[in-house]
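# Examination of the molecular architecture
The residues making up each chain are set out below.
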Amino acid sequence: MAAGIVVREAHFPGRAPVEAYGNGGFRFADMSHRGSILCLPSGVYAWEPADPLDLKPADFARLLAEAEAVEILLVGTGKDIRRLPAPLRDVLKDKHISADAMSTGAAVRTYNVLLAEDRAVAAALIAVD
């Protein structure tokens, strides 16, 4: 007997450049995703920070679990650049992760370049319209 629809966590198991962004989502690996994403060495995940205007260490739990494989974190803060809150900067510094906040567009472009260079990079990208 069929089990019906099974809802699974949105996840692409691999590192892929971001092909496009805007309209509230992203395109990567010939797929599209509506909403924000977290690009890690283990793959690309749907990401919904509790408050995109006030990022907290808890919003980065999945990243922190993979901290040993990440040297650079690019945070795309939407259309406007917002400074990362001190508690988040402190947690990332303790894990030896250099974090840079920038607009989502700049973060996407920088992520793609560093990914092509095979750098230990991750990106937290807030979707823009």
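Residues numbered from 1 in each chain as written. Predicted model: local features only at pLDDT ≥ 70, side-chain atom pairs only at ≥ 80, totals over all residues. Heavy atoms only, no water.

Moving on: the packing of aromatic side chains. Scanning all chains against the criterion turns up 2 aromatic pairs. Aromatic side chains phenylalanine 12 and phenylalanine 28 sit 6.1 Å apart centroid to centroid with 65 degrees between the ring planes, which places their arrangement in the edge-to-face category. With phenylalanine 12 in strand β1 (residues 11-12) and phenylalanine 28 in strand β3 (residues 25-28), the pair connects residues that are 16 residues apart, well separated along the chain. Overall, the relative accessible area of 21% leaves phenylalanine 12 in the partly exposed class. (Phe/Tyr/Trp six-rings, centres within 6.5 Å; stacked < 30°, edge-to-face > 60°. Helix = DSSP H or I, 4+ residues; strand = E, 2+ residues; numbered from the N terminus. Buried < 20%, exposed > 50% of the residue type's maximum accessible area, 1.4 Å probe, protein only.)

Where strand β2 (residues 18-22) lies against β3, 4 bridges are found, and the strand directions are antiparallel. Its bridge partner being in β3, valine 18 is matched across the sheet by phenylalanine 28. Counted between consecutive antiparallel strands, the loop separating β2 from β3 contains 2 residues, among which asparagine 23 sits at a positive phi close to 55 degrees. (Pairing = 2+ DSSP bridges.)

Let us look at helix α3 (residues 104-116). Compared with an ideal rise of 1.5 Å per residue, which puts 13 residues at 18 Å, α3 spans 18 Å between its outermost C-alpha atoms and is within 8% of the ideal. By the burial criterion, the buried members of α3 are Thr104, Gly105, Ala106, Ala107, Val108, Tyr111, Leu114 and Leu115. Where α3 is buried, its residues contact β2, β3, β5 (37-40), β7 (72-76), β8 (98-102) and β9 (121-125). Once α3 ends, the next one or two residues include aspartate 118, with phi positive near 60 degrees. (Expected span 1.5 Å × (residues − 1). Contact = heavy atoms within 4.5 Å.)

Counting 19 residues, the largest nonpolar core has Trp47, Leu55, Phe60, Leu63, Leu73 and Leu92 as the members making the most contacts within it. Sorting the residues of this core by element identifies β5, α1 (61-65), β7, α2 (86-94) and β9 as the ones contributing at least two each. Among all residues touching leucine 63, those that are not within four sequence positions of it are Leu38, Leu40, Val70, Leu73, Leu92 and Ala122. Within the second largest apolar cluster, 18 residues are counted, among which are Phe28, Cys39, Tyr111 and Val121. (Core = buried A, V, L, I, M, F, W, Y, C linked by side-chain atoms within 4.5 Å.)

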